[in-house]
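Secondary and tertiary structure notes
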Amino acid sequence: MDGLLSNEKYIGNVRLFDSEKRDVQYLSEDNHPAIISKETFQAVQTEKRKRSNVNKSKGGIQRKDKKYSSKKYTN
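Only a predicted model underlies this, so the values are computations on that prediction, with no experimental measurement involved.

1. Description of the confidence of the model for the chain
Of all residues in the chain, 72% have pLDDT values of 70 or greater, and the mean over the chain is 77. Across the chain, helix α2 (residues 38-51) holds the top mean pLDDT of 87, while strand β4 (residues 60-63) sits lowest at 69.

Written out as structure tokens, the structure reads:
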């Protein structure tokens, strides 16, 4: 199910890569009929970032201290 949650093809977009330079890419929007709306896709991406235990900053990528950061621990 994660493929549906993160793959732009389901909203009708396709990323095309230059065959010689793999880092160059082209985005073709509305290439084909979407399966889910762009609004739903963006809402899912926002929620995935909120739930992630990975912090991205200028210093690099770091994991949060606890595996489940929203879980409250009692002593």
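More follows now that the structure is in view.
2. Some remarks on the side chain of Q45
Along the chain, the position of Q45 falls in helix α2. When its relative accessible area of 14% is taken as the criterion, Q45 is described as buried. Not counting the four nearest positions on each side in its chain, Q45 is found in contact with L5 and S6.

3. Observations concerning the pattern of salt bridges
Pairs can form between side chains of opposite charge once their charged atoms are near each other. If you walk through the whole model with that rule in mind, you get three salt bridges. Across the pair K38 and D30 runs a salt bridge whose closest N-O atoms are separated by 3.2 Å. D30 gets classed as exposed once you look at its relative accessible area, which sits at 56%. Across the pair E47 and K50 runs a salt bridge whose closest N-O atoms are separated by 3.7 Å. Of this pair, E47 and K50 both sit in helix α2, three residues apart, which is roughly one turn of the helix. Look at K50 and you get exposed, because its relative accessible area is 59%.

4. Here's the deal with the side chain of N13
Following the sequence through the fold, N13 ends up in the loop between α1 (2-6) and β1 (14-17). In this structure N13 comes out as buried when scored by relative accessible area, which is 5%. A polar side-chain atom of N13 sits 3.3 Å from the main-chain amide nitrogen of D30. Those residues in contact with N13 that lie beyond four places of it in its chain are E8, L27, S28, E29, D30, H32 and K38.

About the cut-offs
Residues numbered from 1 in each chain as written. Predicted model: local features only at pLDDT ≥ 70, side-chain atom pairs only at ≥ 80, totals over all residues. Heavy atoms only, no water. pLDDT = per-residue confidence, 0-100. Helix = DSSP H or I, 4+ residues; strand = E, 2+ residues; numbered from the N terminus. Buried < 20%, exposed > 50% of the residue type's maximum accessible area, 1.4 Å probe, protein only. Contact = heavy atoms within 4.5 Å. Salt bridge = Lys/Arg side-chain N within 4 Å of Asp/Glu carboxyl O. Polar contact = N/O pair within 3.5 Å; in protein donor to acceptor, adjacent residues only side chain to side chain.

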